Amino acid sequence: MEKVIIDGGSPLEGTVTISGMKNAAVAVLYATVLVDGVCVIENLPNISDVAISLEILKSVGAKVERIGETEVRIDATEARDKMPPHELAKKMRASYYLIGATLGRFGHSVIGYPGGCDFGVRPIDQHIKAFNALGADVCTEGGLIEATAQNGRLKGGNIFFDCVTVGGTMNAMLAAVLADGVTEIENAAREPHVVALANFLNFCGASVSGAGTDKIKIKGVEKLHGCTYELIPDMIEAGTFMIAAAATGGNLYIDNVIPKHMEAISVKLREMGVTIDEFDDGMRVYCEGPLCNVDIKTSPYPGFPTDMNPQVAVLMCLAEGKSTLTDTIWDNRFRYVEELKRMDAEIEVEGNTATFCGGTVFKPARVRAVDLRAGAAMIIAGLVAKGQTEVDDFFYVERGYDNIIEKLRAVGAHIMKIS
Ligand code: EPZ
């Protein structure tokens, strides 16, 4: 398996350019299955979740052509409601967007259960609730999810989610854009990638309004045409580099970000004593004094993102004084704590709250990435620890971070990947 070797202790200095957002990319790629035509997707991140998604699109009949380092041309005219190879679908969580898109266009979809990072139970009951509300029967037996529109085509309906779910909101949108009639989604997720998906669908001729609020209205149309669409930058990648700059005592200019998306992260980092200078599409991040302790609770956008949990934990280890981190989204997102403890961090986990003693002097060690964002956190801790740290199972990190090794080396990190 792949691992990275880090010779830590150097501050990161220079400019990092953020890539397209993973969680917008995967939703938009599967949304092209709805389109009876050609789509060109730009600013696509070079990550394994995108590569797998493109393979899945090919497996259901779409024509996929790379036309540049970050651009792909997808013609889904010949796509059909085939079941993709399960060994691909189970490699990632977002393969379940294929259900909403295929059900929406063909009135039927079947796929193996998705995979994805292990934070404990990752249910799809809200996705099923949405499909049922649009007139589909859903069967989840034998490790498969099969959805069938009762009359061959979905009908608009009202969906009120029991909890705020990004995936559920996006899957409901995908299913509703070609349904017969109007759909209203209440208690919808408000993340920037939900807005990005709505914008893509509207570029293709859909009629989606209210994305970014907790109520989304969709008027079904007969068909969607192709378009060219540029993905938004990845706010979690940006937040990860912000924390790497602060943790290593460096000074990074982070280019190609939307500061508005970063607000919840910036507020908390400033509380910890990090300086963040904001520009139209960039931020300069540095730390002039000691890091202060802080208390954070994750919550759906615009709150502090759960996907920044492991990364901010590294800062909490370094800060002076006790910090607490509560994850209200996932019930088991602290598996990385055992890895940080190998590097001399003092952390106690009680339920969905971790308490950090602070004042840690990270000791280099051999650790592993337990999931995508935890892997990024371990790399940050390795960049801080003076000496050689190894991070095993690096493949998790490559699922969601575009060329992270090259980006880190370009700003002074001594890091290399070995298989
Ligand atoms: C998306 O996962 C992201 N993944 C996750 O990012 C992110 O952690 C999560 O949203 C929350 O922001 C992608 O976009 C591919 P949810 P998703 O549905 O859609 C409960 C990363 O690091 N729930 O918003 O699977 C669920 O248990 C990844 O990039 C139900 O109860 O998350 C959780 O408590 C990791 N029933 C909460 O809702 C459902 O049917 C939020 O889950 C669906 C969700």
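Residues numbered from 1 in each chain as written. Predicted model: local features only at pLDDT ≥ 70, side-chain atom pairs only at ≥ 80, totals over all residues. Heavy atoms only, no water.

Caption draft 1: Representation of the domain arrangement of the protein in the model. Considered domain by domain, the protein is made up of domain 1 (3-18 + 233-418) and domain 2 (22-230). At the interface, 23 residues of domain 1 touch 22 residues of domain 2. Across the domain 1/domain 2 interface, buried area totals approximately 1,800 Å², and carbon plus sulfur atoms make up 51% of it. Per-residue buried area on domain 1 facing domain 2 is highest for Tyr301, Trp330 and Arg399; these three make up 37% of the total on that side. For the interface between domain 1 and domain 2, the tally reads one salt bridge. Of the charged contacts in the structure, one is a salt bridge between Arg399 and Asp49, with a shortest N-O distance of 2.9 Å. (Domains from an automatic or database assignment. Contact = heavy atoms within 4.5 Å. Buried area = accessible area lost by both parts, 1.4 Å probe. Salt bridge = Lys/Arg side-chain N within 4 Å of Asp/Glu carboxyl O.)

Caption draft 2: Up close: the environment of Ser299. Structurally, Ser299 is set in the loop between β17 (295-297) and α10 (309-318). Look at Ser299 and you get partly exposed, because its relative accessible area is 28%. Separated by 30 residues in sequence, Ser299 and Ile329 place their C-alpha atoms 6.6 Å apart. Dropping the residues within four chain positions of it, Ser299 is found in contact with Phe304, Pro305, Thr328 and Ile329. (Helix = DSSP H or I, 4+ residues; strand = E, 2+ residues; numbered from the N terminus. Buried < 20%, exposed > 50% of the residue type's maximum accessible area, 1.4 Å probe, protein only.)

Caption draft 3: Up close: the packing of aromatic side chains. Applying the stated criterion across every chain, the model contains six aromatic pairs. Here the aromatic rings of Phe203 and Tyr229 are separated by 5.4 Å at their centres, their planes lie at 80°, and the arrangement is edge-to-face. Placement of the pair is Phe203 in helix α7 (residues 192-203) and Tyr229 in strand β13 (residues 228-230), with a sequence separation of 26 residues. Owing to a relative accessible area of 47%, Phe203 belongs among the partly exposed residues under this scheme. Residues Phe334 and Tyr336 carry aromatic rings whose centres are separated by 6.0 Å and whose planes lie at 50° to one another, so their mutual orientation is tilted. Tyr336 shares its class with Phe334; the two are buried. Within the aromatic cluster, the residues linked to one another by ring pairs are Phe200, Phe203 and Tyr229. (Phe/Tyr/Trp six-rings, centres within 6.5 Å; stacked < 30°, edge-to-face > 60°.)

Caption draft 4: Quick peek at the pairing of strand β7 (residues 136-139). Here β7 runs beside strand β8 (residues 144-149); their pairing, made up of four bridges, is antiparallel. By the bridge assignment for β8, Asp137 is matched with Thr148. Between the antiparallel neighbours β7 and β8 lie four residues, among them Gly142 with a positive phi of about 60°. (Pairing = 2+ DSSP bridges.)

Caption draft 5: Fine view of the pairing of strand β19 (residues 347-350). For β19 and strand β20 (residues 353-356), the ladder comprises four bridges, and the chain directions are antiparallel. The residue of β20 that forms the bridge with Glu348 is Thr355. Taking the residues that link successive antiparallel strands as the turn, the β19-β20 hairpin has two residues, and the phi of Gly351 there is positive, at about 65°.

Caption draft 6: Structural view of unusual backbone geometry. Pro302 follows Tyr301 through a cis peptide bond whose omega is 15°. Along the chain, the position of Pro302 falls in the loop between β17 and α10. The phi torsion at Asn43 lies on the positive side, around 60°, for a residue other than glycine. Looking at the secondary structure, you find Asn43 in the loop between β3 (38-42) and α2 (48-59). Relative accessible area serves as the criterion here: at 17%, Asn43 is assigned to the buried category. Of note, Asn256 is a non-glycine position whose phi angle comes to about 65°, a positive value.

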